[in-house]
2 protein chains.
Amino acid sequence: MATSEAVITRMDVKDVRFPTSLEAHGSDAMHTDPDYSCAYVIIHTDANDSLAGHGLTFTIGRGTEIVVLACKTLSRLVIGQKLSDVYSDFGRYWRKLTSESQLRWLGPEKGVMHLATAAVLNALWDLYAKLENKPLWKLLVDMSPQELVSCIDFRYITDALTKEDALQMLQENLSTKQTRECELLNTGYPAYTTSVAWLGYSDETLSKLCEKALKEGWSKFKVKVGADLADDKRRCALIRKHIGWERKMMMDANQRWDVNEAIDYMKELAEYKPWWIEEPTSPDDILGHAAIAQALSPLDIGVATGEHAQNRVIFKQLLQAKAVKFCQIDSCRLGSVNENLAVIMMAKKFGVPVCPHAGGVGLCELVQHISLFDYICVSASLENRVIEYVDHLHEHFKYPVCIKNACYMPPQNAGYSTEMIAKSISDYEYPKGSAWQQLIMEGKFQTP
Amino acid sequence: MATSEAVITRMDVKDVRFPTSLEAHGSDAMHTDPDYSCAYVIIHTDANDSLAGHGLTFTIGRGTEIVVLACKTLSRLVIGQKLSDVYSDFGRYWRKLTSESQLRWLGPEKGVMHLATAAVLNALWDLYAKLENKPLWKLLVDMSPQELVSCIDFRYITDALTKEDALQMLQENLSTKQTRECELLNTGYPAYTTSVAWLGYSDETLSKLCEKALKEGWSKFKVKVGADLADDKRRCALIRKHIGWERKMMMDANQRWDVNEAIDYMKELAEYKPWWIEEPTSPDDILGHAAIAQALSPLDIGVATGEHAQNRVIFKQLLQAKAVKFCQIDSCRLGSVNENLAVIMMAKKFGVPVCPHAGGVGLCELVQHISLFDYICVSASLENRVIEYVDHLHEHFKYPVCIKNACYMPPQNAGYSTEMIAKSISDYEYPKGSAWQQLIMEGKFQTP
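Residues numbered from 1 in each chain as written. Chains lettered and ligands numbered in written order. Predicted model: local features only at pLDDT ≥ 70, side-chain atom pairs only at ≥ 80, totals over all residues. Heavy atoms only, no water.

1. What to know about the packing of helix H7 (residues 163-173) of chain B against helix H14 (residues 336-350) of chain B
All names here are of chain B.
Link 1 in the chain: Packing of H7 against H14 brings their axes to within 11 Å, and their N-to-C directions diverge by 80°. Considering their axes alone, H7 and H14 lie roughly perpendicular with respect to each other. Between H7, through Asp165, Ala166, Met169 and Leu170, and H14, the contact on the second element is made entirely by Met345, Lys348 and Lys349.
Link 2 in the chain: For the contact of H7 with H14, the residue count by class is 4 nonpolar, no polar and 3 charged. (Axes fitted to C-alpha atoms, helices over the stretch in contact; angles between N-to-C directions. Helix = DSSP H or I, 4+ residues; strand = E, 2+ residues; numbered from the N terminus. Parallel < 35°, antiparallel > 145°, perpendicular 65-115°, else oblique. Contact = heavy atoms within 4.5 Å. Nonpolar A, V, L, I, M, F, W, Y, C, P; charged D, E, K, R; others polar.)

Following this line, the structure appears as structure tokens:
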């Protein structure tokens, strides 16, 4: 555990945005023009070690200023904290942030407030790992079961997972975890790509990117669907033409359909043999996902969701209702590592593989740590498990992800890989950064 | 329908807070020190009729500034709108606000963004009713079934309620609605009181308020529970001593318990014969509420929830899962009248009575309109139906609620009763209003 007696003295929050809408990167049936962005938090202490915690939460443009303000409002619960008080009972501190007696009315544990909570806690986890001079995944792997469960707030999930369940689960894997750590250091954690088939891409771009990805060794490909059935069929056929039928194809509707619409639509797309359909309907609709899962099971199409599941209570129910075959955690929508630990242990208990959502800004950098820990200490299996990969915006990070043979290679630098390059932050700070001033001057974006 | 060709020219947003924490008004097991507040919106047009739409969403102090900013961010979707475009296809405009391609990432339809959406839309409904020179409930009552369903976005609920279902439901009641309107104008809509037993009140205060409420004719009383079992037993026994066993007592845990904890705790409190237990656990836990409902059914204790149910998708599932015996809509957490219409029609279809959440700032003023409409046009029954009443802060409203014999009397003034007195807004605007400057000077609150 952290030994520092340092006290948090300052928290800076930045609104950082990238103009990805200009080239339709990230476009889908509901989010047609995302400008990948983040609320970015830097936490400073009074220690003379020059270490700072960097954290972020992912957004897609407009409204990032609201999350930034929410982070600033949370700062009164952060500044003045002794680090050892945070890290020695991290679950208690997590509850302090998420259950503040007046702020919880604005959620609780959902939407803007929970995104802001994630940004702040991601920065605290980055600092924690830096203090221990380890990459975050290794910090987690080296923690005792007792230390790990002390990071989790079990409120509202004890009917599915108790602290004792979690302890037992972690203890069972202790004797074999060294082997799995070595394995991952050698081969990495399997990934799939979402970069070839954004909804706004032309068929030509799609074909070109498919061929490029095949050459790079990718074997699992995700395609955005849901805006137009005929268009989807053409695009799916085109992808199958390139990747064949042995490789896996996943489909992602990004919440476009009602429950029965999802079932009908997917029956039409079943001929392209999707491994899963992701976000077929409202992320809040547990029973709807369960109905879709049941209807599509005979077609051998699994349901995947989670990137918009607001907290562990939604994941708990998705698992209880057998609504998901693939559990898609998110490093920035859930309340940071703490809540992700709760979800991956619930998923283990229910026998459902965790396949994290990634992409955006920094999501790949962050979530790889959780999956590495998951395999080494919780799931002990790679079956049906893949991390999403999108090849954008990594150049802005100090320690970008390293992909080899379509696998995430374990990060070696201390921290949570959250830290962006200082120049990227200042260039893309919205709207005053030089990149935005230029884009506004060129008439590509309006003055906010 | 509205005929105005007016265009929205300006939207003012205010942070208005009242220092209710000083006397423990509103205190419960999770919200120990609320300062009842709101993000307050005023919408102006270019018409020369001097009418403005006033709307609000309820908050409890810290963080209100975040909702205020979210309202300001939404204003780009409001300013410049022609009123007739909004009101002629209100469901479409509702979706425009809630599904904006970048902002929806911050929800969708939940937390800060949805609270802000409610404030904006409440102002638009207030303006709509003023333009028609009717109180809002009467505007709704006089709409045709077709006009009413055009206000609803049926996305994500068609597996429970289709537009055709809703139309049929409304048409069935057309021939008898006049009778029910007359009835309500004479006798009002039944209410219950939450004012006697806030968690922070002493036994002496509680006894005094009970006796006062009995004299005023109240027959249903809610008590806050969940912080301490022995304390709750003493308080419940005390209330029963005052009100006897014929009058109804409801209990409210404000999300304090895990699922099994709720069941165990309520078995202990069953001897006081609660009519319902409200918010026993996380507002996101549909399956948890269903488990609690099933366990408490043999004890004849119903489950009530909804004031923190973020949108119609959660209500849909609570109804589908038989998780609630009382459906507690909220005029400020749901997306205004539009989404409340969807929920009360789903509740009707599932045979569950709607008993709105009220209190706070303005919730009583607003939600009475929905319940009046519910009885006249949808439920056509008053059985097991009551609106919550709390006797605070009404003096700040231009058209405060009128309670007679423990019933809400139908408002007669044009609008949604949302409009606050100008002096109250300026005195309590946080932190620059004179009331706050005084409180800060007296050392009762810190400088923000």
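Read on for the rest.
2. Some points on the sheet that holds strand S3 (residues 53-59) of chain B
Residue and element names in this part refer to chain B.
Link 1 in the chain: Pairing within the open sheet is antiparallel, and its 3 strands lie in the order S1-S2-S3. For this open sheet the edge positions go to strand S1 (8-17) and S3, each flanked by a neighbour on one side alone. The mean inter-strand angle of the sheet, taken between neighbouring strand axes irrespective of direction, is 15°. (Pairing = 2+ DSSP bridges.)

3. Looking at the packing of helix H7 (residues 163-173) of chain A against helix H15 (residues 363-379) of chain A
Residue and element names in this part refer to chain A.
Link 1 in the chain: Interhelical geometry of H7 versus H15 gives an angle of 90° and a closest axis separation of 7 Å. Taken together, the axes of H7 and H15 are roughly perpendicular relative to one another. Residue-level inspection shows Met169, Leu170 and Asn173 of H7 in contact with H15, the latter providing Phe373, Cys377 and Val378.
Link 2 in the chain: Its residues assigned to classes, the contact of H7 with H15 comprises 5 nonpolar, 1 polar and no charged.

4. What about the nonpolar core?
Link 1 in the chain: A:Leu124, A:Trp125, B:Leu124 and B:Trp125 are the most contacted members of the largest nonpolar core, which has 300 residues in total.
Link 2 in the chain: Setting aside residues no more than four positions away along its own chain, B:Leu124 makes contact with B:Ile8, B:Ile43, B:Leu83, B:Val86, B:Tyr87, B:Phe90 and B:Tyr93. (Core = buried A, V, L, I, M, F, W, Y, C linked by side-chain atoms within 4.5 Å. Buried < 20%, exposed > 50% of the residue type's maximum accessible area, 1.4 Å probe, protein only.)

5. Describing the interface of chain B and chain A
Link 1 in the chain: In this assembly, 64 residues from chain B lie in contact with 64 residues from chain A.
Link 2 in the chain: Surface buried jointly by chain B and chain A totals about 5400 Å² across both partners, of which 54% is contributed by carbon and sulfur atoms.
Link 3 in the chain: Of all residues in chain B, B:Arg62, B:Gln102 and B:Trp105 bury the most surface against chain A, accounting for 18% of the area lost on that side.
Link 4 in the chain: The tally of links from chain B across to chain A stands at 6 salt bridges.
Link 5 in the chain: Linking chain B to chain A there are 43 residue pairs in polar contact (both at pLDDT 80 or more).
Link 6 in the chain: With 6 residues, the top contributor of residues to the side of chain B that touches chain A is helix H1 (residues 64-74) of chain B.
Link 7 in the chain: For the side of chain B that touches chain A, the class distribution of residues is 26 nonpolar, 21 polar and 17 charged. (Buried area = accessible area lost by both parts, 1.4 Å probe. Salt bridge = Lys/Arg side-chain N within 4 Å of Asp/Glu carboxyl O. Polar contact = N/O pair within 3.5 Å; in protein donor to acceptor, adjacent residues only side chain to side chain.)

6. Some remarks on the environment of A:Leu74
Residue and element names in this part refer to chain A.
Link 1 in the chain: When you line up the elements, Leu74 lands in helix H1 (residues 64-74).
Link 2 in the chain: Spatially, the C-alpha atoms of Leu74 and Arg333 are 16 Å apart, while their sequence positions differ by 259 residues.
Link 3 in the chain: Apart from residues no more than four positions distant in its own chain, Leu74 is found in contact with Leu97, Leu103, Met113, Ala116, Thr117 and Val120.

7. Structural notes on the UniProt feature "domain: Mandelate racemase/muconate lactonizing enzyme C-terminal" (unreviewed entry) in chain A
Link 1 in the chain: Within the UniProt annotation, "domain: Mandelate racemase/muconate lactonizing enzyme C-terminal" (unreviewed entry) is assigned to residues 203-299 of chain A.
Link 2 in the chain: When the span residues 203-299 of chain A is considered, its composition is 52% helix and 15% strand, and the gap between its end C-alpha atoms is 27 Å. (UniProt positions renumbered as here; feature names shortened; annotations may be inferred.)

8. What to know about helix H15 (residues 363-379) of chain B
Residue and element names in this part refer to chain B.
Link 1 in the chain: Between its first and last C-alpha atoms H15 spans 21 Å; for 17 residues at 1.5 Å apiece the expected length is 24 Å, and the helix comes up short by more than 12%.
Link 2 in the chain: Maximal helix bending in H15 amounts to about 30°, located at Phe373.
Link 3 in the chain: Within H15, 17 of the 17 residues are buried, which leaves the element mostly enclosed by the surrounding structure.
Link 4 in the chain: Count one or two residues on from H15 and you reach Ala380, which has phi positive near 55°. (Expected span 1.5 Å × (residues − 1). Bend = angle between axes of the 7 residues up to and from the residue.)

9. Thoughts on the pattern of salt bridges
Link 1 in the chain: The tally for this structure, following the rule as stated, stands at 62 salt bridges over all chains.
Link 2 in the chain: Its salt-bridge partner being A:Arg312, residue A:Glu339 comes within 3.0 Å of it at the nearest N-O pair. Taken together, the residues A:Glu339 in helix H14 (residues 336-350) and A:Arg312 in helix H13 (residues 312-320) connect sequence positions 27 residues apart.
Link 3 in the chain: Taking the relative accessible area as the measure of exposure, A:Glu339 reaches 2% and is therefore buried.
Link 4 in the chain: Across the salt bridge formed by B:Asp203 and B:Arg234, the nearest N and O atoms sit 2.7 Å from each other. Linking B:Asp203 in helix H9 (residues 203-215) with B:Arg234 in helix H10 (residues 229-243), this pair joins segments that are 31 residues apart in sequence.
Link 5 in the chain: In this structure B:Asp203 comes out as partly exposed when scored by relative accessible area, which is 26%.
Link 6 in the chain: The structure contains a network of salt bridges with shared partners spanning A:Lys222, A:Lys224, A:Asp252, A:Glu278 and A:Glu388.

10. A few points about the relation of the copies chain B and chain A
Link 1 in the chain: When chain B is fitted to chain A, the residual RMSD is 0.0 Å, and the transformation amounts to a turn of 180° plus an axial shift of 0.0 Å. Such a combination of turn and shift is consistent with a two-fold rotation axis. Proximity to the rotation axis, assessed at the C-alpha, singles out B:Gly111 in chain B; its C-alpha lies 2.5 Å from the axis.
Link 2 in the chain: A share of 100% of interface residues in chain B that are also interface residues in chain A marks the association as one of identical surfaces. (Least-squares fit on C-alpha atoms with pLDDT ≥ 70 in both.)

11. Here we look at unusual backbone geometry
For residues other than glycine, phi is negative in most cases, and the peptide bonds are mostly trans.
Link 1 in the chain: Here the residue pair A:Gly107 and A:Pro108 is connected by a cis peptide bond, since its omega of -10° sits within 30 degrees of zero.
Link 2 in the chain: The residue B:Tyr156 is not glycine, and still its phi comes out positive at about 75°.
Link 3 in the chain: Within the secondary structure, B:Tyr156 is located in the loop between helix H6 (145-149) and H7.
Link 4 in the chain: With relative accessibility at 3%, the residue B:Tyr156 sits in the buried group.
Link 5 in the chain: Phi is positive for B:Ser336, close to 60°, though the residue is something other than glycine.
Link 6 in the chain: Checked against the element boundaries, B:Ser336 lands in helix H14.
Link 7 in the chain: Residue B:Ser336 is classed as buried on the basis of its relative accessible area, which comes to 0%.

12. Structural notes on the packing of aromatic side chains
Link 1 in the chain: All told, the structure shown has 34 aromatic pairs over all chains when counted by the stated rule.
Link 2 in the chain: When the centroid spacing of 5.0 Å and the interplanar angle of 85° are considered together, the rings of A:Tyr36 and A:Phe58 count as edge-to-face. On the criterion of sequence distance, the pair formed by A:Tyr36 in the loop between strand S1 (8-17) and strand S2 (37-45) and A:Phe58 in strand S3 (residues 53-59) is long-range, its members being 22 residues apart.
Link 3 in the chain: In this structure, A:Arg155 is placed above the aromatic ring of A:Tyr156, and the distance from its NZ or CZ to the ring centre is 5.8 Å.
Link 4 in the chain: For the cation-ring pair, B:Arg17 lies above B:Tyr430, with the distance from its terminal atom to the ring centre recorded as 3.9 Å. (Phe/Tyr/Trp six-rings, centres within 6.5 Å; stacked < 30°, edge-to-face > 60°. Lys NZ or Arg CZ within 6 Å of the ring centre and 35° of its normal.)

13. A closer look at the sheet that holds S1(A)
Residue and element names in this part refer to chain A.
Link 1 in the chain: Strands sit in the order S1-S2-S3 across an open sheet of 3 strands; the sheet is antiparallel. Two strands close off the open sheet at either side, each with one partner strand: S1 and S3. Taken pair by pair, the neighbouring strands of this sheet meet at an average axis angle of 15°, ignoring direction.
Link 2 in the chain: Here S2 runs beside S3; their pairing, made up of 7 bridges, is antiparallel. Within S3, the residue paired with Ser37 across the bridge is Thr59.
Link 3 in the chain: Along the sheet, helix H4 (residues 111-131) contacts S1, S2 and S3; its crossing angle with S3, the most-contacted strand, is approximately 150°.

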